[in-house]
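Observations on the model geometry
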Amino acid sequence: MSHLKIETDERGCRTLWLDRPAKRNALDEALLSDLLNAAVAARTTPGLRLVVLRSTSSMFCAGADLNDWADVTPFNAQRLSLLGARAFRELADLPVPLVVVVEGAALGGGFELALAGDIRIATTQARFGFPEARLGNTPAWGGVPRLAKLAGTGTMFDVLLTGDPIDGERAERLGIVQRLCAPEDLETRLNALIDSLLACDTTTQGFIKAMFGNPDALIAAQEAALAGFTATREEASARKQAFLASRRKS
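Bear in mind the structure is a predicted one, so any value in this text is a computation, not a measurement. (Residues numbered from 1 in each chain as written. Predicted model: local features only at pLDDT ≥ 70, side-chain atom pairs only at ≥ 80, totals over all residues. Heavy atoms only, no water.)

**Side note on the overall build of the protein chain**
Formally: Think of it this way: any DSSP run of H or I at least four residues long counts as a helix, any run of E at least two long counts as a strand, and we number them from the N terminus. The buried label applies to any residue whose accessible area, calculated with a 1.4 Å probe on protein chains only, is under 20% of its type's maximum; exposed applies above 50%, and partly exposed to all values in between. Using the Shrake-Rupley algorithm and a 1.4 Å probe, accessible areas are obtained, with residue cover drawn only from the displayed protein chains.
Broken down by element type, the protein chain carries eleven helices and nine strands. The principal-axis extent of the C-alpha atoms belonging to the protein chain is close to 70 × 45 × 40 Å. For the protein chain, the proportion of its 250 residues judged to be buried stands at 42%. Roughly 13100 Å² of accessible area belongs to the protein chain as shown, and the carbon and sulfur atoms make up 56% of that amount.

Have a look at this one:
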């Protein structure tokens, strides 16, 4: 049974709900695969304008499922690392805004998942951290460079080398959280944020993400825009029609 619930409303807003409360939404191989598949599906869904990622419980995500990692072979460790990195990259590179809602803790891989979003809204009870050094391993799902880009290398080393979590207020000061609110205000603040995002042009938002996000995504967006421009010119249409006509004669 999938532990990722998906809901889409009439406005084109899709919510991905982490729904593994008994395991504190720990990211096992199945849940990572679900996130990857959800990101790929979102990219090809007509009319989709926004994706929200949140939890059905008061815990956002405790990180990687240690049952997958406690006695792992080098081959499986690499495979799981690549799977998580790809899933989070697909989410980060969505052509529509990705809002991550953090209630409770986002630790380890859960912190990396939160960092894949464009905008993070969190409650004052939220905590963020990388406890990996205390467990004898390092993060592997793309969150470390994203954290360094947001908050600087000093914060990155502080969090990684100590394993100490960051509370919601400090996370906001560091730029990790863009909108912080009391738990009782979360739904109101989230709905206001969604309304603001839906008031904007989706195509423009996609180009903004491409311009200032992943350099590879920028190249792809530039190529797509150039191809769209050149292919719709009268000259291009005439040349293609002439080529097809010549093929029909031969």
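**Observations concerning the sheet that holds strand β3 (residues 50–55)**
What counts is decided by this rule: Two strands form a pair only when DSSP identifies at least two bridges running between them. Only the contacting stretch of a helix is used when fitting its axis, a line to C-alpha atoms as for every element, and angles between N-to-C directions run 0 to 180 degrees.
Reading across the sheet, the six strands line up as β1-β2-β3-β4-β6-β9 and stay open at both edges, with mixed pairing between neighbours. Each edge of the sheet is formed by a strand with only one pairing partner; in this case those strands are β1 (4–8) and β9 (179–181). When strand polarity is set aside, the average angle formed by the axes of neighbouring strands in this sheet is 15°. In this sheet, strand β6 (residues 119–123) lies alongside strand β4 (residues 98–102) in parallel orientation, the contact comprising four bridges. Within β6, the residue paired with V102 across the bridge is A122.

**Observations concerning the pairing of β1**
Sheet topology note: the β1/strand β2 (residues 13–18) ladder contains five bridges and is antiparallel. Note on β2: the bridge partner recorded for E7 is T15.

**Brief notes about helix α8 (residues 186–198)**
Going by this rule: Multiplying 1.5 Å by the residue count of a helix minus one yields the expected span of that helix. As used here, the arc is the angular range of directions from the helix axis to the C-beta atoms.
Between its first and last C-alpha, α8 extends 18 Å over 13 residues, near the 18 Å set by a 1.5 Å rise per residue. Burial in α8 covers these residues: L186, L190, L193, I194, L197 and L198. The buried residues of α8 occupy one face: seen down the axis, they fall within an arc of 130°.

**Details of a nonpolar patch on the surface**
Threshold: Any residue with relative accessible area above 30% and no salt bridge may belong to a patch, with like charges joined within 9 Å and the nonpolar Val, Leu, Ile, Met, Phe, Trp and Tyr side chains within 5 Å. Here, a salt bridge means any side-chain nitrogen of Lys or Arg that lies within 4 Å of a carboxyl oxygen of Asp or Glu.
On the surface, F207, I208, M211 and F212 cluster together to form a nonpolar patch covering roughly 430 Å² of accessible area. Considering the arrangement of structural elements, one finds F207 in helix α9 (residues 202–212).

**Side note on the packing of helix α1 (residues 29–43) against helix α2 (residues 74–92)**
Note the cut-off: Any angle that falls under 35 degrees is termed roughly parallel, while one over 145 is termed roughly antiparallel, one within 65 to 115 roughly perpendicular, and all others oblique. Left-handed describes a crossing in which the near helix is turned anticlockwise from the far one by less than a right angle; the clockwise case is right-handed. The contact criterion used is simple: two residues touch if any of their non-hydrogen atoms lie within 4.5 Å.
For the pair α1 and α2, the least separation of the axes is 8 Å and the interaxial angle reads 30°. It follows from the interaxial angle that α1 and α2 lie roughly parallel. Along this stretch, α1 crosses α2, giving a crossing that reads as left-handed. For the pair formed by α1 and α2, the contact residues are E29, L32, S33, L35, L36, A39, V40 and R43 on the first element and R79, L80, L83, G84, R86, A87, F88, E90 and L91 on the second.

**So, the layout of surface pockets**
For clarity, the cut-off: The way it works is a 1 Å grid over only the protein atoms, where trapped points that fit a 1.4 Å probe form a cavity and open points with protein on both sides within 12 Å along at least five of seven lines form a pocket, and then any residue with an atom within 4 Å of a point lines it. Grid points are joined across faces, edges and corners, and a volume is the space filled by probe spheres set on the points. The nonpolar class holds Ala, Val, Leu, Ile, Met, Phe, Trp, Tyr, Cys and Pro. Asp, Glu, Lys and Arg form the charged class, and all remaining residues, Gly among them, are polar.
Computed from the structure, the second largest pocket encloses a volume of approximately 460 Å³. Lining the second largest pocket are 22 residues; nearest its centre among them are A64, L66, E132, L135 and N137. Put simply, the parts of the chain that give the lining of the second largest pocket at least two residues each are α3 (109–115) and α4 (132–135). Taken together, the residues of the lining of the second largest pocket sort by class into twelve nonpolar, six polar and four charged.

**Section: the side chain of E132**
Quick reminder of the rule: A residue counts as positive if it is Lys or Arg and as negative if it is Asp or Glu; His and the chain ends are not included.
Note that E132 resides in helix α4. R134 provides the closest opposite charge to the buried, salt-bridge-free E132, at an N-O distance of 9.4 Å. Apart from the residues lying within four places of it in its own chain, the contact partners of E132 are G108, G109, E112, N137, T138 and P139.

**Examining unusual backbone geometry**
You will see that R24, though not glycine, has its phi angle at about 55°, which is positive. With respect to the helices and strands, R24 occurs in the loop between β2 and α1. By relative accessible area, which is 43% here, R24 ends up partly exposed. We note that N25 has phi near 60°; this positive angle belongs to a residue other than glycine. As for its placement among the helices and strands, N25 is situated in the loop between β2 and α1. The exposure class of N25 is buried, given its relative accessible area of 0%.

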